[in-house]
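This is what each chain is made of:
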Amino acid sequence: MRLLLARWAGPLAVKAAVFITVMCCALAALLGVLVHVSVTDQTVGNARDLALSRLSDATRAYEAGDTLLPNAGVDPEGLPDSLRALALSGRRGTVVSTHRGRPTMWAAGPVQGHRALAVEIDYSQQSGTIAGLDTSILWSSALAIGATVLVGVFAVSRVTRRLHATARVARRISAGDLDARVDDPRTKDPVRPQDEVAAVAAALDSMAASLQGKLLSEQRFTADVAHELRTPLTGLHAAAELLPPGRPTELVRDRVAALRTLTEDLLEISRLDSGRERLEADAEGLGALAERVVRASGTETEVRVVRDALVETDRRRLERVLGNLVANAHKHGAAPVLLTVHGPVVTVRDHGGGYPEYLVAHGPQRFRTEGGAKGHGLGLTIAVGQAEVLGARLSFRNAVDGGAVATLILPVASQPR
């Protein structure tokens, strides 16, 4: 059914077309019935008056003993029984029936001897007039309905096309394209009247501009803070190295190292947010790369290569993603931690309490904590950003039997011919 509809068609357009069609049909039927009833009443009334007039002439001729006209007679053959009974009861009346294969208007009245005097008039012309009128009403109604539906659908399609364009821009904004705008020309010309769709488009553009401004301001603030922290942290690190050995010195060095790592993470997120990161892709064996990442992490992580694959990727960025996933599994999950390579799909699973519900539903959010938990820091946020640069898809879920599962799907390298 969808293939039969135009590209702009949607529930609103279909509903509008159905509504217009139904209303046009109802209006055409009402007008057709009124015209039919009016013309039929007038035509039948004229024929009835003529028949009763001839019946009066025939009655006077019969009572005077004169010869009756050819279309008049006493108890003639073909007189409808209902009209005959009416005449025998002492009243006059008319009725239309078919006589000798033709429509006939009968008029009958009582005469002496308890008999019925009747006249017949050819009703073919009047019947044809009514039939032709009904046909004309049907054809004119069909043409009027068709023209009205076409005009109505055209008018509705203009609105639906603008609504679809606004919806597409909204989806682009939700996907992260903050430069997307509707740019409805009606919103730029103050003299031109604005309808509701233009108001929605203007509100969406205003919201996108405001959101973009706030995010850019936030990104600049994060980048500036991280950049400004590097200089004092470098001096603090150098000063910590000069402290005498001991437990206090170890604590100071550990906190300085953690602060330097946090600062570097903030700078990396700022670069990812700016969208200026460039991919340096090359063909890499996924199994060997995963084993190198685990060895470099210094953690007890089992690597299981079900099926190796050659992937087109940036080795440094992929190592960063896998390293963050492994580090997060050990820091926030529980052993055993398993890294599995199955073709271009890499999964990292731990056996801890699993990811928070908000993370599974909406992805990692910076520094967010929930229910007294420690939160997941910036590691997963960086992993998601680097995965987007790689053209990969990173998703998070909780295993049925417990534990968190991160799944990374990488693009496969094109095979040389």
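Going by the structure above, here's the rest.
Described below are features of the structure shown in this document. (Residues numbered from 1 in each chain as written. Predicted model: local features only at pLDDT ≥ 70, side-chain atom pairs only at ≥ 80, totals over all residues. Heavy atoms only, no water.)

**Some thoughts on the pattern of salt bridges**
Consideration 1: Counted under the stated rule, the structure contains 11 salt bridges.
Consideration 2: Of the charged contacts in the structure, one is a salt bridge between Asp-122 and Arg-102, with a shortest N-O distance of 3.6 Å. Placement of the pair is Asp-122 in strand E4 (residues 115-122) and Arg-102 in strand E3 (residues 102-111), with a sequence separation of 20 residues.
Consideration 3: Owing to a relative accessible area of 41%, Asp-122 belongs among the partly exposed residues under this scheme.
Consideration 4: You can call Arg-102 partly exposed: its relative accessible area is 41%.
Consideration 5: One salt bridge in this structure joins Glu-319 and Arg-315, with 3.4 Å as the shortest N-O distance. With Glu-319 and Arg-315 both in helix H7 (residues 315-332) and 4 residues apart, this pair spans about one turn of that helix.
Consideration 6: Here Arg-315 falls in the partly exposed class, since its relative accessible area comes to 40%. (Salt bridge = Lys/Arg side-chain N within 4 Å of Asp/Glu carboxyl O. Helix = DSSP H or I, 4+ residues; strand = E, 2+ residues; numbered from the N terminus. Buried < 20%, exposed > 50% of the residue type's maximum accessible area, 1.4 Å probe, protein only.)

**Considerations on unusual backbone geometry**
Consideration 1: Of note, the amide linkage connecting Ala-335 to Pro-336 takes the cis form, showing an omega dihedral of 0 degrees.
Consideration 2: Tracing the backbone shows Pro-336 in the loop between H7 and strand E8 (337-342).
Consideration 3: One non-glycine residue, Asp-183, lies in the positive phi region at around 55 degrees.
Consideration 4: Secondary-structure assignment places Asp-183 in the loop between helix H3 (124-174) and helix H4 (196-241).

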